[in-house]
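Descriptive analysis of the structure
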Amino acid sequence: MKKLKVYIPGISFPSLSLTGNYCALNCAHCGKHYLESMKKVEKSNLVEYCKNLEKEGYKGCLLSGGVDSRLKVPLDLYTNEIKQIKKETKLKLNAHVGFIDESDLEWLKYVDVVSLDFVGEDDVIKRVYKIKKRVEDYLGIIELLTSNGIKVAPHITVGLDFGKIWWEYKAIELLAHYPVDVLVLDVLIPTKGTEMENTTPPSVDKSLEVVKYARKAFNGELSIGCMRPLGKWRLEFDKEAILIGVDRITNPPRKIIEWAKKIRDIEIIHECCVM
């Protein structure tokens, strides 16, 4: 098997929310919960904050936040700041975007990679995100980015439909037709305070079936993202995913890293898994 890249972003690749705890949506799986753990940075302080990150030895950061009424993470409002960061530092920038369009190309060309949550079924979009968008809208974003030479890393959350697994296979098939370098697979974590807090997470076995399918169908690198259940679930899942042949994995337990060293070459990288 090829070298396994183990990503541990928390040490030198922080996640920044440029909208504080604000999000125009209240998605069934998130409920704004994941914004709470991000570092809040004001627009007026973003450039200086990033310069200090570099001085302290950080390698880059994730630019994220909640979406606004346009269903965009409003990074277009930070175009000048993003340009300045890339001009005056060597930081790598991963941008979490939302429903971007051609008007965003001006700033998108300054980021290293775009992370896009991808859903491959209209009904799931409606039930989970509660927005009037379709699969074709997501594919339009993929087309916009890839046709303009901007790297995009689609993220599929296995079990996003309230723990049920079914639409994920179609999503993988759709993405396999695009020049995507990295496909990220996350797994639903039923999160307290959200509509899905009492949802049963997908089983390890069912989740691994999706990983196996993606390994066969997708030609680019396959990554296990940072969102997946902890404890015994993660121990079992991570071990089998590595055996299946994923190229990248984020925040595996220490004992899994030590075990993996016995069967594959390992590279530890302190960045987001899409870099």
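This text gives an overview of the structure that appears in the document.

Calculation rules
- Residues numbered from 1 in each chain as written.
- Predicted model: local features only at pLDDT ≥ 70, side-chain atom pairs only at ≥ 80, totals over all residues.
- Heavy atoms only, no water.
- Helix = DSSP H or I, 4+ residues; strand = E, 2+ residues; numbered from the N terminus.
- Buried < 20%, exposed > 50% of the residue type's maximum accessible area, 1.4 Å probe, protein only.
- Polar contact = N/O pair within 3.5 Å; in protein donor to acceptor, adjacent residues only side chain to side chain.
- Arc of directions from axis to C-beta.
- Pairing = 2+ DSSP bridges.
- Contact = heavy atoms within 4.5 Å.
- Axes fitted to C-alpha atoms, helices over the stretch in contact; angles between N-to-C directions.
- Phe/Tyr/Trp six-rings, centres within 6.5 Å; stacked < 30°, edge-to-face > 60°.
- Lys NZ or Arg CZ within 6 Å of the ring centre and 35° of its normal.
- Core = buried A, V, L, I, M, F, W, Y, C linked by side-chain atoms within 4.5 Å.

Turning our attention to the environment of Lys43. Locating Lys43 in the fold gives a position in the loop between strand 3 (39-40) and helix 1 (46-55). Residue class for Lys43 comes out partly exposed when judged on its relative accessible area of 36%. Engagement of the side chain of Lys43 in a polar contact is seen with the backbone oxygen of Leu77, the distance being 3.5 Å.

With that settled, consider helix 2 (residues 79-88). For an α-helix, the turn length of 3.6 residues means that residues three or four places apart are oriented alike. For helix 2, the full list of buried residues reads Thr79, Glu81, Ile82 and Ile85. For helix 2, the angular spread of the buried residues around the axis is 165°, confining them to a single face. Relative to its buried face, helix 2 has exposed residues pointing more than 90 degrees away, namely Asn80 and Lys87.

The strand order across the open sheet built from 11 strands is 3-2-4-5-6-7-8-9-10-1-11, with neighbouring strands paired in parallel fashion. With one partner strand each, in any of the chains shown, strand 3 and strand 11 (266-269) form the two edges of the open sheet. Alignment of strand 2 (residues 15-17) against strand 3, held across 2 bridges, turns out to be parallel. Residue Ser17 lies in a different strand from strand 3, and its bridge partner there is Lys40. Contacts from helix 5 (residues 135-147) reach strand 6 (113-117) and strand 7 (152-158) within the one sheet, and its direction differs from that of strand 6 by about 170°. Helix-sheet contacts for helix 6 (residues 168-175) involve strand 7 and strand 8 (182-187), and the interaxial angle to strand 7 is about 165°.

Taken as a whole, this structure holds 4 aromatic pairs when the rule is applied. Judged by centre distance (5.0 Å) and plane angle (65°), the ring pair of Phe99 and Tyr138 falls under edge-to-face. Here Tyr138 lies in helix 5 and Phe99 lies in the loop between strand 5 (92-96) and helix 3 (105-108), a separation of 39 residues in the sequence. Grouping residues by exposure puts Phe99 and Tyr138 together as buried. Residues Tyr169 and Tyr213 carry aromatic rings whose centres are separated by 5.1 Å and whose planes lie at 85° to one another, so their mutual orientation is edge-to-face. Of this pair, Tyr169 sits in helix 6 while Tyr213 is found in helix 7 (residues 204-217), placing the two residues 44 residues apart along the sequence. Of the residues examined, Tyr213 reaches a relative accessible area of 28% and is grouped as partly exposed. Taken together, Phe99, Phe118 and Tyr138 form an aromatic cluster joined through their ring pairs. Seen from the ring of Tyr78, Lys43 lies directly overhead, with NZ or CZ sitting 5.9 Å from the centre.

Once that is clear, we can look at helix 4 (residues 122-129). Val124, Ile125, Val128 and Tyr129 are the residues of helix 4 that are buried. The buried residues of helix 4 occupy one face: seen down the axis, they fall within an arc of 105°. Those residues of helix 4 that are buried lie in contact with strand 6 and helix 5. Looking one or two residues beyond helix 4, the residue adopting positive phi is Lys130, at roughly 60°.

Let us look at the nonpolar core. Among the nonpolar cores identified, the biggest contains 85 residues, and Trp107 and Phe237 are the most heavily contacted of them. A total of 6 residues in this core trace back to one element, the largest contributor, which is helix 5. Excluding residues that lie within four positions of it along the chain, Trp107 makes contacts with Leu75, Asp76, Thr79, Ile82, Ala95, Val97 and Ile100. In terms of nonpolar packing, the next biggest core, distinct from the first, is built from 12 residues, Tyr7, Phe13, Val184 and Met275 among them.

To continue, consider the environment of Phe162. When you line up the elements, Phe162 lands in the loop between strand 7 and helix 6. Residues Phe162 and Arg127, spaced 35 residues apart in sequence, show a C-alpha to C-alpha distance of 9.1 Å. Apart from residues no more than four positions distant in its own chain, Phe162 is found in contact with Ala28, Arg127, Val128, Leu188, Glu195, Met196 and Thr199.

Further remarks concern the pairing of strand 7. Among the 7 residues that make up strand 7, 7 are buried, leaving the element largely enclosed by the rest of the structure. Residue alternation in strand 7 divides its side chains into two sets, Val152, Pro154, Ile156 and Val158 and Ala153, His155 and Thr157, and both sets are buried. Here 4 bridges tie strand 6 to strand 7, and the two strands are oriented parallel to one another. Following the sheet pairing, Ser115 is matched in strand 7 by Ala153.

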